[in-house]
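Observations on the three-dimensional arrangement
One-letter residues, chain by chain:
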Amino acid sequence: MNRLSLTLSRGVAQVTGAALGPYQSAVIRIGFAGTWLLFLLREFPHRQELYGPSGPWGWNLAKQLTADNHAFTALLWSDGRLWFEICYALAVLASAALVLGWRTRTSSLLFMVGVLSLQNRSVFVGDGGDNVLHLMSIYLVFTRCGQVWSLDARRAARAAAARARGERVPADVVGPVLWAVLGLALGTATLTGRFDNGWLIPALLWTAWAGLGLWWAVERRAALREPRILLDVVANVLHNGALAVIMAEACLIYATAGWYKVQGSRWQDGTAVYYPLHLDYFSPWPGLADLMSSSGTIMMIAAYGTVMVQVAFPFTLFNRRVKNVLLVVMMAEHAVIAVVLGLPFFSLAMIAADAVFLPTSFLRWLGDLAARARGRLARGAGHEVPAPRPTEESQADHVGFTA
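Residues numbered from 1 in each chain as written. Predicted model: local features only at pLDDT ≥ 70, side-chain atom pairs only at ≥ 80, totals over all residues. Heavy atoms only, no water.

1. Here we look at the overall build of the chain
Summing up its helical and strand segments, the chain has 18 helices and zero strands in all. Rg of the C-alpha trace for the chain: 23 Å, near the compact-globule value of 22 Å for 403 residues, within the 12% margin. In terms of overall dimensions, the chain has C-alpha extents of about 70 × 60 × 55 Å along its principal axes. Taken across its 403 residues, the chain has 40% of its residues classed as buried. If you take every contact in the chain between residues at least 6 apart in sequence, the share linking residues at least 24 apart comes to 76%. Accessible surface, the chain as shown: approximately 22,200 Å² in total, 67% of it carbon and sulfur. The averaged location of the 25 negative side-chain charges in the chain is 10 Å from the averaged location of its 33 positive side-chain charges. (Helix = DSSP H or I, 4+ residues; strand = E, 2+ residues; numbered from the N terminus. Rg over C-alpha atoms; globule rule 2.2 N^0.38 Å. Buried < 20%, exposed > 50% of the residue type's maximum accessible area, 1.4 Å probe, protein only. Contact = heavy atoms within 4.5 Å. Areas by Shrake-Rupley, 256 points an atom, 1.4 Å probe, with all protein chains shown as cover. Lys, Arg positive; Asp, Glu negative; His and termini not counted. Charge placed at Lys NZ, Arg CZ, Asp CG, Glu CD.)

The following block contains the structure:
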């Protein structure tokens, strides 16, 4: 009984004492936000037809649908072209800010609003990856995904280093101003009745806004140690719970896809992969598709291998080595799908979801490799790159709930 109590207390301390998986949460932040940003930039010339007033899915049709399913989209607050352009530009800026990790907590909220607004405006635009992005944009709001590899982490590390040297750190001005502006916008939308399709998203936005204000107020007073610890515990619990949900979601996607394929006759006889390779819509490289489909053995291995990997993956999480091997296989498979079937954004979204299972040692090595490459480029351009302080990385790993 004592051993069980000790184990439970250690588990509770681990869940509440720190935001786990800082590198994993950072890589999925960059992955999902980068995927959405690339999609918005690629479709920028066609934005009016996809999501704007010029699209075949008209404003009235979208209004009727959201009235039935209570989906949130800010694009239906007005049918004007100027409002659409503003929303699209804000979605691009929020995605870029989240990739860079600038004001991560706020940018994650704006990223979610941008994803939901555009996708719920035209529900027939997408290739499967949009469903993953739709869900993950909501989950990211609850994570502390700016602990490492972000401008927030760099700012916090510099502030901590300045305090260690006895220097005075200037008060943050951008955070409160941004909080006030967004509060004014949120209040205006609420008072004018824009949130008329449901309460969930406005409740989430108001709760996050109030939480950010409370956190900023507590941070300003050094004497409020207990409230600061309480807020940190709540943020850690939310982060760890959201990270667990993201992992479960990825496992559920693969498990359901694999078991659904098992029931299909084309997957059972090993010919399922052959048919999409010969559809014009999924054949950007007909020569490559013909080369791959010319071998029945390759087609059978691809079909059976896909099913086995998808069904087996959730069960391999208990074996680190097997899990890592299957991760490489699945990411390579998505890379092939991106090239051969012409589905780059679906593949990028799935690779970003897979990245949550990557080992920390590999991600740290990848980050060090990127830092060295950046240093070589900076030196080649004639800029002096300061050597990192030994404590910067540990400080960045424990960055707090940044506004």
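2. Section: helix α2 (residues 22-42)
With 21 residues, α2 should reach 30 Å at 1.5 Å per residue; the first-to-last C-alpha distance of 30 Å fits that figure. Counting buried residues along α2, 17 of its 21 residues qualify, which places the element largely inside the surrounding structure. (Expected span 1.5 Å × (residues − 1).)

3. Remarks on unusual backbone geometry
One non-glycine residue, His70, lies in positive phi territory at about 60°. By the secondary structure assignment, His70 is in the loop between α4 (59-69) and α5 (81-100). Even without being a glycine, Arg103 presents a positive backbone phi close to 50°. What makes Arg103 buried here is its relative accessible area of 4%.

4. Description of the packing of aromatic side chains
Applying the stated criterion across every chain yields a total of 17 aromatic pairs. Of note, Arg47 hangs over the ring of Phe44, and the distance from its end group to the ring centre comes to 3.9 Å. Sitting over the ring of Trp267, Lys261 keeps its end group 5.3 Å from the ring centre. (Phe/Tyr/Trp six-rings, centres within 6.5 Å; stacked < 30°, edge-to-face > 60°. Lys NZ or Arg CZ within 6 Å of the ring centre and 35° of its normal.)

5. A look at the packing of helix α7 (residues 129-140) against helix α11 (residues 225-262)
Contact pair α7 / α11: the axes reach a minimum separation of 10 Å and the direction vectors enclose 165°. Of the possible angle classes, the one that applies to α7 and α11 is roughly antiparallel. You can see that α7 and α11 cross each other, and the crossing is right-handed. Here α7 contributes Val132, Leu135, Met136 and Tyr139 to the contact with α11, which in turn contributes Ala242, Val245, Ile246, Glu249 and Ile253. Each residue belonging to the contact of α7 with α11 can be placed in one class, and the counts come to eight nonpolar, no polar and one charged. (Axes fitted to C-alpha atoms, helices over the stretch in contact; angles between N-to-C directions. Parallel < 35°, antiparallel > 145°, perpendicular 65-115°, else oblique. Left-handed = near helix turned anticlockwise from the far one by under 90°. Nonpolar A, V, L, I, M, F, W, Y, C, P; charged D, E, K, R; others polar.)

6. A word on the side chain of Asp152
Looking at the element boundaries, Asp152 is found in helix α8 (residues 151-164). Within the structure, Asp152 has its side chain in polar contact with the backbone nitrogen of Arg103 (distance 2.9 Å). (Polar contact = N/O pair within 3.5 Å; in protein donor to acceptor, adjacent residues only side chain to side chain.)

7. Things to note about helix α15 (residues 320-340)
Taking 1.5 Å as the rise per residue, α15 with 21 residues should run 30 Å; its terminal C-alpha atoms sit 30 Å apart, in good agreement. Those residues of α15 not exposed but buried are Lys323, Leu326, Leu327, Met330, Met331, His334, Ile337 and Val340. Close packing links the buried residues of α15 with α11, α13 (286-293), α14 (296-312) and α16 (344-354). Of the residues one or two after α15, Gly342 is the one with positive phi, at around 70°.

8. So, a nonpolar patch on the surface
On the surface, Leu82, Ile86, Leu90 and Leu93 cluster together to form a nonpolar patch covering roughly 420 Å² of accessible area. Along the chain, Leu90 turns up in helix α5. Its relative accessible area of 53% is what places Leu90 among the exposed residues. (Patch = residues over 30% accessible without salt bridge, like charges linked within 9 Å, V, L, I, M, F, W, Y side chains within 5 Å. Salt bridge = Lys/Arg side-chain N within 4 Å of Asp/Glu carboxyl O.)

9. What to know about the nonpolar core
Formed by 59 residues in total, the largest nonpolar core has its most connected members in Ile28, Phe32, Trp36, Leu40, Tyr51, Leu118 and Phe313. Counting residues per element, this core draws most heavily on α2, at 10 residues. Non-local contacts of Leu40, meaning those with residues more than four positions away in its chain, are made with Tyr88, Ala91, Val92, Ser95 and Leu118. By size, the runner-up hydrophobic cluster in this structure holds 14 residues, among which are Phe72, Ala74, Met112 and Val113. (Core = buried A, V, L, I, M, F, W, Y, C linked by side-chain atoms within 4.5 Å.)

10. With respect to the pattern of salt bridges
Side chains bearing opposite charge may pair, as long as their charged atoms lie close to each other. Within the structure shown, the criterion is met by nine salt bridges. Across the salt bridge formed by Asp152 and Arg155, the nearest N and O atoms sit 3.1 Å from each other. With Asp152 and Arg155 both in helix α8, this residue pair falls three residues apart, about one helical turn. Residue Arg155 is classed as partly exposed on the basis of its relative accessible area of 31%. We note a salt bridge from Glu167 to Arg165, for which the minimum N-O separation is 3.1 Å. Since its relative accessible area comes to 43%, Glu167 is described here as partly exposed. Residue classification places Arg165 among the partly exposed residues on the basis of a relative accessible area of 46%. Among the charged side chains, a network of salt bridges with common partners joins Arg144, Glu219, Arg228 and Asp232.

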